Amino acid sequence: MIIKNSEFIKSAASKRDYPETGLLEIAFAGRSNVGKSSLINKLVNRKSLARVSATPGKTATINFFDVDKFCLVDLPGYGYAKVSQKEKDRWGKLMEDYFAAGRIDLGVLIVDYRHPPTNNDITMARWFIDSGCPFVVVANKLDKLKKSEIAPNLQTIREDLELPEDCAVIPFSAEKGNGRDELVKMVLSAVKE
Ligand code: GTP
Ligand code: MG
């Protein structure tokens, strides 16, 4: 896919701030530091459309980007332990409202390819399965794996998340670009259905 335009629309700290775009909405969810923002940048071939940081918790609000026919949504990551209870509550409310809003046309659940899914990853996958919201899983940071880990880790992700057979898991590296074309293809075919 050749992406002609990509631009930041706005940042939402509560449901009052959601933009009315009329675009197909694709939401990127996953634990803090897994590479959601990096993956969005790789997808649109921009270095820093979405802000990236080596410190977890970089994305603290919901960020909306207009990319041709799509609205890409960079969500704050879950599961970062070193934040206050107040911040965790704020995050919980922000995410609950967003997922309840019924805006998502396709979810992209990003997990760390190096490790088994966390309980939060499992909860997130369950939400997609139970809600019937279409989603794909991306196993990111492929560049950090040994060859011998590639197949078994993929199997663990699939089993632990209890994914239906028709749910794709895409090996990805937001660093190197592996998986980009496959994800673009999946996005396009998922939203066409
Ligand atoms: P939050 O906004 O805190 O939820 O994090 P995030 O999921 O948006 O992660 P972000 O894109 O900010 O990336 C976190 C760190 O992981 C950065 O240092 C990235 O450079 C690094 N990173 C992301 N994807 C990859 C990848 O595929 N391979 C490697 N080696 N590093 C990656
Ligand atoms: Mg981020």
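Here, the structure is the one placed above.
Throughout this description, residue numbers start from 1 for each chain and increase along the sequence as written. Chains carry letters from A onward and ligands carry numbers from 1 onward, assigned in written order. Only residues with pLDDT of at least 70 are given local features in this predicted model, and only at 80 or more are side-chain atom pairs given and counted; all residues enter the totals for whole chains, interfaces and linings. Excluding hydrogens and water, the side-chain figures rest on all heavy atoms present in the structure.

Peer 1: Sorry if this is basic, but what is going on with the coordination of the magnesium ion (ligand 2) here?
Peer 2: Tetrahedral coordination by four donors puts the ideal angle at the metal at 109.5 degrees, and octahedral coordination by six puts it at 90 or 180 degrees. Metal coordination here is assigned from N, O and S atoms located within 2.8 Å of the ion, or within 3.2 Å for Na, K and Ca; omission of water means that sites may look incomplete. Coordination of the magnesium ion (ligand 2) by the protein is provided by Ser37 (OG) and Thr59 (OG1), with metal-donor distances spanning 2.0 to 2.2 Å. Taken together, the positions of Ser37 in helix H1 (residues 36–44) and Thr59 in the loop between H1 and strand S3 (62–67) put the pair 22 residues apart, joining distant regions of the chain. To qualify as a helix, a DSSP run of H or I must reach at least 4 residues; to qualify as a strand, a run of E must reach at least 2; elements of each kind are numbered from the N terminus.

Peer 1: Please explain the packing of aromatic side chains as it appears in this structure.
Peer 2: Both the distance between ring centres and the angle between the ring planes are used here to describe each pair of aromatic rings. Centre distance within 6.5 Å is the pairing criterion for rings of Phe, Tyr and Trp, where only the six-membered ring of Trp is used; planes under 30 degrees apart are then read as stacked, over 60 as edge-to-face, and the remainder as tilted. Applying the stated criterion across every chain, the model contains 10 aromatic pairs. Ring plane angle 65° and centroid distance 6.4 Å describe the contact between Phe64 and Tyr98, whose orientation is recorded as edge-to-face. Of this pair, Phe64 sits in strand S3 while Tyr98 sits in helix H2 (residues 85–100), and the two are 34 residues apart along the sequence. The two residues Phe64 and Tyr98 agree in class, both being buried. Note on exposure labels: buried denotes an accessible area under 20% of the residue type's maximum, exposed denotes more than 50%, and partly exposed covers the range between, all computed with a 1.4 Å probe on protein chains only.

Peer 1: Explanation requested: the nonpolar core in the structure shown.
Peer 2: If you look at soluble globular proteins, the nonpolar side chains tend to sit buried side by side. Ranked by internal contacts, the top residues of the largest apolar core, which has 32 residues, are Ile62, Leu75, Tyr98, Phe99, Leu109 and Val137. The set of elements that each furnish at least two residues to this core consists of strand S2 (24–30), S3, strand S4 (70–74), H2, strand S5 (106–112), helix H3 (119–131) and strand S6 (135–140). No other element matches H2, which puts four residues into this core. Ignoring any residue separated from it by four or fewer positions in sequence, one finds Ile62 in contact with Lys10, Ser11, Ala12, Tyr18, Val73, Asp74, Leu75, Pro76, Leu94 and Tyr98. By size, the runner-up hydrophobic cluster in this structure holds 27 residues, among which are Ile26, Leu43, Leu49 and Phe70. Grouping buried Ala, Val, Leu, Ile, Met, Phe, Trp, Tyr and Cys residues that are joined through side-chain atoms within 4.5 Å yields what is termed a nonpolar core. A contact between two residues is defined here by any heavy atoms of the two lying within 4.5 Å.

Peer 1: Whenever I open this one, the pattern of salt bridges confuses me. Can you help?
Peer 2: Pairs can form between side chains of opposite charge whenever their charged atoms are close. Each reported salt bridge corresponds to a side-chain nitrogen of Lys or Arg within 4 Å of a carboxyl oxygen of Asp or Glu. On inspection of all chains with the given rule, the structure shows eight salt bridges. Residue Asp130 is joined to Arg126 by a salt bridge in which the shortest nitrogen-to-oxygen separation is 3.1 Å. Here Arg126 and Asp130 lie together in helix H3, a separation of four residues that amounts to about one turn. Members of the salt-bridge network, linked through shared partners, are Glu20, Glu25 and Arg103.

Peer 1: Any chance you could explain H3 here in plain terms?
Peer 2: Helical geometry note: an α-helix holds 3.6 residues per turn, so side chains three or four residues apart project in the same direction. Look at H3: 18 Å from first C-alpha to last across 13 residues, which is about the 18 Å you get at 1.5 Å a residue. Buried within H3 are the following residues: Asp121, Met124, Ala125 and Phe128. Mapping the buried residues of H3 onto a view down its axis gives an arc of 95°, with all of them on the same face. In H3, the exposed residues that point more than 90 degrees away from the buried face are Asn119, Thr123 and Asp130. Those residues of H3 that are buried lie in contact with S2, H2, S5 and S6. Count one or two residues on from H3 and you reach Gly132, which has phi positive near 80°. Any helix carries an expected span of 1.5 Å times its number of residues minus one. This arc corresponds to the set of directions leading from the helix axis out to the C-beta atoms.

Peer 1: Just to check I follow, could you spell out the side chain of Ser173 for this structure?
Peer 2: You can see Ser173 is positioned in the loop between strand S7 (169–171) and helix H5 (180–192). Looking at Ser173, the relative accessible area reads 0%, which means it is buried. In protein, a polar contact requires one atom able to donate a hydrogen and another able to accept it; more generally it is a pair of N or O atoms within 3.5 Å, and residues adjacent in sequence count only if both atoms are side-chain atoms. A distance of 2.8 Å separates the side chain of Ser173 from the backbone nitrogen of Lys176, its partner in a polar contact. When neighbours within four sequence positions are excluded, Ser173 is seen to be in contact with Asn140, Lys141, Leu142, Asp143 and Asn178.

Peer 1: Please explain the site of ligand 1 as it appears in this structure.
Peer 2: Close contacts around ligand 1 come from 23 residues, with Lys36, Ser38, Gly57, Thr59 and Asp143 the closest. Here Asn33 contributes a backbone N or O atom positioned 3.0 Å from an oxygen atom of ligand 1. Only the protein chains shown count as cover for residues, with accessible areas throughout obtained via the Shrake-Rupley method and a probe of 1.4 Å. For ligand 1, the accessible surface in isolation is 660 Å², of which the surrounding protein chains cover 90%. Residues are called lining when one of their atoms sits within 4 Å of a cavity or pocket point, these points coming from a 1 Å grid over the protein atoms alone, where a cavity is a set in which a 1.4 Å probe fits but cannot get out and a pocket is an open set with protein on both sides within 12 Å along at least five of seven lines. By definition, a pocket or cavity contains a molecule when more than half of the molecule's atoms lie within 2 Å of the pocket's grid points. More than half of the atoms of ligand 1 fall within 2 Å of the grid points belonging to the largest pocket. By residue number, the principal contributor to the shell around ligand 1 is H1, which donates three residues. Class assignment for the residues of the shell around ligand 1 results in five nonpolar, 11 polar and seven charged. A single heavy atom is enough: if one lies within 4 Å of a molecule or strand, its residue is considered near that molecule or strand. Classification used: nonpolar for Ala, Val, Leu, Ile, Met, Phe, Trp, Tyr, Cys and Pro, charged for Asp, Glu, Lys and Arg, polar for all others including Gly.

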